[in-house]
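# Structural overview
Each chain is listed here by its residues.
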Amino acid sequence: MSARPPHGHGDHANLDHDLHAHGDTHGHGSMKGYMIGFVLSVILTAIPFWAVMTGALGDTQTTALVIMGLAFVQIVVHMIYFLHMNTKSEGGWTMMALVFTAVLVVITLSGSIWVMYHMNTNMMPDMAAQMGGGM
């Protein structure tokens, strides 16, 4: 007979204690991590706002591409700092999760741009002619 007790709830408590003692806490965020994520999120929100309000990039297509790029970076920041996803498989971020997230981000961003473009093009298409002809 082995001297080791059967696997029970006490073993999980010891495992949790060992993880905390050795600093191996994947799923827990620190105040420093949350603050870094918050500051990066504010910066990644302020830059597109500034670019649109000042017209600094000039071309609307360039501005839209820059905003989409910064939106993608902000999604990654949120996944790392707020959802605590990391490259270790124990932390929950496997290659399949990364690919799934990337596919969802591409669908969401391209779908949003497509919808906004078609709404702009198809909503009241002859309004410009009515405004010009009525004056």
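Refer to the structure presented above.
Everything quoted here is computed from the prediction, not taken from an experiment. (Residues numbered from 1 in each chain as written. Predicted model: local features only at pLDDT ≥ 70, side-chain atom pairs only at ≥ 80, totals over all residues. Heavy atoms only, no water.)

### Describing the packing of helix 2 (residues 31–54) against helix 3 (residues 60–81)
The description of two helices packed together rests on the angle between their axes and the distance between the axes. Between helix 2 and helix 3, the least distance of the axes is 10 Å, while the angle of their chain directions is 170 degrees. The angle between the axes of helix 2 and helix 3 places the two elements in the roughly antiparallel class. Here helix 2 contributes Gly33, Tyr34, Ile36, Gly37, Leu40, Ser41, Leu44, Thr45, Ile47, Pro48 and Val52 to the contact with helix 3, which in turn contributes Thr63, Ile67, Leu70, Val73, Gln74, Val77, His78 and Tyr81. A breakdown of the residues in the contact of helix 2 with helix 3 according to their chemical character gives 12 nonpolar, seven polar and no charged. (Axes fitted to C-alpha atoms, helices over the stretch in contact; angles between N-to-C directions. Helix = DSSP H or I, 4+ residues; strand = E, 2+ residues; numbered from the N terminus. Parallel < 35°, antiparallel > 145°, perpendicular 65-115°, else oblique. Contact = heavy atoms within 4.5 Å. Nonpolar A, V, L, I, M, F, W, Y, C, P; charged D, E, K, R; others polar.)

### Here we look at the side chain of His84
Structurally, His84 can be placed in the loop between helix 3 and helix 4 (95–122). Judged by relative accessible area, which is 16%, His84 ranks as buried. A distance of 3.0 Å separates polar atoms of two side chains, one belonging to His84 and the other to Tyr34. (Buried < 20%, exposed > 50% of the residue type's maximum accessible area, 1.4 Å probe, protein only. Polar contact = N/O pair within 3.5 Å; in protein donor to acceptor, adjacent residues only side chain to side chain.)

### Brief notes about the packing of aromatic side chains
Summed over the entire model, instances satisfying the criterion amount to one aromatic pair. Ring centres of Tyr34 and Phe82 lie 6.2 Å apart, and the angle between their planes is 15 degrees; this geometry places the pair in the stacked category. A residue pair is termed long-range when its members are at least 10 positions apart, and Tyr34 in helix 2 and Phe82 in the loop between helix 3 and helix 4 qualify at 48 residues. (Phe/Tyr/Trp six-rings, centres within 6.5 Å; stacked < 30°, edge-to-face > 60°.)

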